[in-house]
Amino acid sequence: QAQAQAQAQAQSQTQDGNTNININVNTPGGSGSWNLFGEDWDVQGPLIPEAKFNELFMDALVAKLIQNGVSDVSIEHISQSLRALIKEPVFGTVVKWLAKTLWFQGDDRDHSQIHFGVVCDACNQSPIVGVRYRCQNCPDFDACANCFADFNKVRNAGCTHSESDFLAIQRSWDPKVRGQEPKMVPDAPLNPGDRGPAVIHLKTVLAELGLFPAANLRNWHVMNYGPLLEESIRNVRATYLANEQIEGEATEGGYDAMVRAMILSLLEDKRAKDAASSATSGAASSGAGPSTAVPMESA
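Quick summary incoming for the structure in this document. Since this is a predicted model, take the numbers as computed values, not measurements.

### With respect to the sheet that holds strand E6 (residues 132-135)
- An order of E7-E6-E8 is seen for the three strands of this open sheet, with the pairing classed as antiparallel. The sheet is open, and its two edges are formed by strand E7 (142-143) and strand E8 (166-169), each paired on a single side.
- Pairing analysis gives two bridges linking E6 to E7, with the strands arranged antiparallel. The residue bridging Tyr 133 from the neighbouring strand is Ala 143, located in E7.

Right, here's the structure in full:
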């Protein structure tokens with residue numbers, strides 16, 4: 001595999017009290033400026049304000065520290081140290097080295113399959129990424145897909161049960177107990193600044209409804225409740241007010257019980273229509289098609 005060679009120039013400077021980072025990248029396929037909050041390499045204005053850097057990097061770091069049980073005091077000390085570091089010339093040197101050595105690539109994993117806070121009891125992978133296998137008979141035993149495929153690792157880790165006793169959990173919000181009803185939408189409330197699997201769940205549902213850009217689900221900061229999700233929620237509120245012929249302006253960007261009920265209703269309608277369309281297509285192609293049951297959830 002050919003190795004991409006990148007030449008990067010990085011500098012940190014202070015402007016209006018904010019630290020900015022300028023990264024210019026030359027690649028075999030051309031050159032351009034790489035922007036942490038851009039969608040591609042060819043972006044305008046490569047300077048990154050400190051506030052944006054904190055949003056995309058510091059928030060994700062703090063979330064990871066919280067997941068690993070780091071105390072609030074320690075998190076604050078770490079955050080202060082890193083904010084001071086990005087103002088130092090050494091930070092530009094580190095960024096330049098990373099650009100040359102690692103190459104900048106987006107994190108395009110399916111974040112719905114990142115099981116935050118869950119440790120594989122066979123290999124200690126944390127968090128488990130991909131399918132999570134949870135033993136239904138042990139008090140607390142989880143395995144990643146690699147260890148479950150080599151089941152001797154599971155047995156060597158202390159689980160005495162068989163493969164059939166494990167439940168495969170695809171997404172972080174799927175049922176953890178066999179026979180439990182799936183949760184179609186996350187519980188309310190959620191508010192700007194929140195982070196975690198429930199936020200990813202909400203964005204995934206909105207993307208299914210066409211109310212949130214699906215491409216953003218693969219951003220590595222997808223677990224954050226940010227401005228884009230706020231705008232989507234305001235659009236849901238505006239739709240609700242219009243449908244109910246209620247006067248008012250949808251200014252709130254928080255996810256509350258009213259918005260949850262609205263999204264749940266939209267999702268149930270969509271999945272019912274999708275199931276009916278699929279059944280009709282199946283009947284047309286085979287001459288007969290069984291109806292598909294659509295799981296419903298009360299608001």
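### Here's the deal with the nonpolar core
- Counting residues in each nonpolar core, the largest one holds 28 residues, and the members touching the most others are Leu 202, Leu 206, Tyr 225, Leu 229, Ile 233, Tyr 255 and Ile 263.
- Listing elements by their share of this core, those giving two or more residues are helix H6 (197-208), helix H7 (227-243) and helix H8 (257-286).
- Among the elements that line this core, the one with the most residues is H6, at six residues.
- In contact with Tyr 255, not counting residues within four places along its chain, are Val 185, Pro 186, Asp 187, Ala 188, Pro 189, Leu 190, Leu 202, Tyr 225, Ile 233, Arg 260 and Ile 263.
- Core analysis: the next-biggest nonpolar cluster, separate from the first, contains 16 residues, Val 118, Cys 120, Ile 128 and Phe 141 among them.

### Examining unusual backbone geometry
- At the junction of Ser 126 and Pro 127, the peptide bond is cis and its omega measures out at -5° in the coordinates.
- Following the sequence through the fold, Pro 127 ends up in the loop between strand E4 (114-115) and strand E5 (128-129).
- One non-glycine residue with positive phi stands out, namely Asn 124, at about 70°.
- Tracing the chain through its elements places Asn 124 in the loop between E4 and E5.
- By relative accessible area, which is 60% here, Asn 124 ends up exposed.

### Things to note about the packing of H6 against H7
- It is at 11 Å that the axes of H6 and H7 come closest, and there the two elements cross at 55°. Judged by the angle between their axes, H6 and H7 are oblique. The handedness of the crossing between H6 and H7 comes out as left-handed. Of the residues in H7, those in contact with Val 199, Leu 202, Lys 203 and Leu 206 of H6 are Leu 229, Ser 232, Ile 233 and Val 236.
- Among the residues making up the contact of H6 with H7, the classes are represented as six nonpolar, one polar and one charged.

### Considering the environment of Tyr 255
- If you trace the backbone, Tyr 255 turns up in the loop between H7 and H8.
- The spacing of Tyr 255 and Leu 229 is 26 residues in sequence and 9.5 Å in space, taken between C-alpha atoms.

Reading the values: rules and limits
Here the residue numbers are simple positions, counted from 1 along each chain's written sequence. Totals for whole chains, interfaces and linings use all residues, but because this is a predicted model, local features are given only for residues with pLDDT of at least 70 and pairs of side-chain atoms are given and counted only at 80 or more. Note that the side-chain values use all heavy atoms of the structure and ignore hydrogens as well as water. Should DSSP find at least two bridges between two strands, the strands are taken to pair. For the purposes of this entry, the term helix denotes a DSSP run of H or I that reaches at least four residues, the term strand denotes a run of E that reaches at least two, and both are numbered from the N terminus. Joining through side-chain atoms within 4.5 Å is the link that ties buried Ala, Val, Leu, Ile, Met, Phe, Trp, Tyr and Cys residues into a set, and such a set is a nonpolar core. Relative accessibility thresholds used throughout: buried, under 20% of the residue-type maximum; exposed, over 50%; partly exposed, between the two (1.4 Å probe, protein chains only). By the convention used here, residues are in contact when the closest approach between their heavy atoms is within 4.5 Å. Axis lines are fitted to C-alpha atoms, over the contacting stretch for helices. Their N-to-C directions set the angle, which ranges from 0 to 180 degrees. Note on terminology: angles under 35 degrees are roughly parallel, angles over 145 are roughly antiparallel, angles of 65 to 115 are roughly perpendicular, and the others are oblique. For any helix crossing, the convention is left-handed if the near helix is rotated counterclockwise from the far helix by under a right angle, and right-handed if that rotation is clockwise. Three classes are used, and their members are as follows: Ala, Val, Leu, Ile, Met, Phe, Trp, Tyr, Cys and Pro are nonpolar, Asp, Glu, Lys and Arg are charged, and the others, Gly among them, are polar.

Bear in mind that shape data such as this cannot, by itself, settle questions of function.
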